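# Analysis of the macromolecular model
Chain by chain, the residues run as shown.
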Amino acid sequence: MKNLIYILIFLTLIGCNNEQKTTNLKNNLDSLNTFNDTTNWDRKSVRYSDQQLETFLDSIGKLPSQPLMDKVAFFSDSIFKNQQQLNIVIPGSNFEKLKKACKEERLNINIAKAIFGDFKIDSANLKDGIIPLTFVSFDKNKNDFKEFAICPADANIDRYCEMYFFSGNKIIAKHKIYHRYGLDLKHYKDIDGKTIVYYKENYQSGTGICWFNFYFYKYYDNKLIPILNELEYGNLQFPWSIRVLWLESTIQKTNPLTLKMVYYQAYSDSTESPKYINDSTFVKYIWNEKTKTLVGNYDKSRISKAQIMTYYLEDNELLFINSYNELLKNNLKDKRFRQSTLNYLNEVKNYYDNKYLK
């Protein structure tokens, strides 16, 4: 039965991966490795004693959190921090044509190639030498053309789009955004008057499986710099994992940026497993000029950055055990959760013992 469940996990993750090559490669390889490891669990599975499992819980709790966080964040951050920076000045005549095209939301293909290069064009986007154009202004008056973004296509015709960010007549960045369900590119002015833009990046979607992060970038010194990568929606339901988890973030206000997070977790013993986490909180983010990032004031919230990352659809069980160590210890004292906690720890310890078995 266990092997059947993990085969389903493997097939679901493969089927639901997005079309970004880096995402496909990373998630498919991780899913395949997890599948290969877990198919050996029945053969190598050990039922550890309660004392061994409690010792395991203590040992993981003593590990430094940051290396565990860095490992879990690596994939999401690699996309967030490595969008393409550009410095391309558009000649005056072409810039005037581009502004006119933004108002009409259509652009001549030859002008498009002169401005954006020899990019690939889907036949669905091309008719009589004209392509649709998606224009998003970040100015108070959209006709100012000081700060704005353009997709030389219909940004919503596919699950992803390529957005070019402008500062006046200069292209300063190009982002490949995997939005999956439609582009939702928004902006606001930070406390220093500079423009912050943000959107949702999708990594996984399927039945009972979903993962989006908010990506925030700031216009700063004629560049678009990454300033905050935070979970927007994480969802993993029974029977796809050894934990059932759900977290959703919503923006409450932008000055200062404040997110409301609603979240829960349960063991995946059954669809009726009681929740051992069921809460909500607010997280406020303040601009740090030294690091040029938005920094979450997690000390004033009921959830830490490490705990938020336990809702990523990544290999994060050690981070979960580390960041929720006291909760798990309390679960062992609670008759509602003790056996499920021991079962969970036993599965995780088996997985890592097998994974690193030489």
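Data block above holds the structure.
Residues numbered from 1 in each chain as written. Predicted model: local features only at pLDDT ≥ 70, side-chain atom pairs only at ≥ 80, totals over all residues. Heavy atoms only, no water.

Per the secondary structure count, the chain includes 11 helices and 15 strands. Looking at the chain as a whole, 50% of its 358 residues qualify as buried. Of the roughly 17600 Å² that the chain leaves accessible, carbon and sulfur atoms contribute 51%. (Helix = DSSP H or I, 4+ residues; strand = E, 2+ residues; numbered from the N terminus. Buried < 20%, exposed > 50% of the residue type's maximum accessible area, 1.4 Å probe, protein only. Areas by Shrake-Rupley, 256 points an atom, 1.4 Å probe, with all protein chains shown as cover.)

Moving on: the packing of helix α6 (residues 92-104) against helix α7 (residues 109-116). Following both chains from N to C, one finds α6 and α7 inclined at 125 degrees, their axes separated by 11 Å at the closest point. Here α6 is positioned oblique relative to α7, judged by the angle of their axes. For the pair α6 and α7, the crossing hand works out as left-handed. Contacts between α6 and α7 pair Asn94, Lys97 and Leu98 from the former with Ile111, Ala114, Ile115 and Phe116 from the latter. (Axes fitted to C-alpha atoms, helices over the stretch in contact; angles between N-to-C directions. Parallel < 35°, antiparallel > 145°, perpendicular 65-115°, else oblique. Left-handed = near helix turned anticlockwise from the far one by under 90°. Contact = heavy atoms within 4.5 Å.)

Below, the discussion takes up the pattern of salt bridges. Going through the model one piece at a time under the given rule, you end up with 19 salt bridges. Between Arg338 and Asp50 there is a salt bridge, with the nearest N and O atoms lying 3.3 Å from each other. Here Arg338, found in helix α11 (residues 338-355), pairs with Asp50, found in helix α4 (residues 50-61); they are 288 residues apart in sequence, far enough to count as distant. Arg338 sits in the partly exposed class, given a relative accessible area of 29%. A relative accessible area of 34% means that Asp50 is categorised as partly exposed. The partner of Glu162 in a salt bridge is Lys174, with the nearest N and O atoms 3.7 Å apart. (Salt bridge = Lys/Arg side-chain N within 4 Å of Asp/Glu carboxyl O.)

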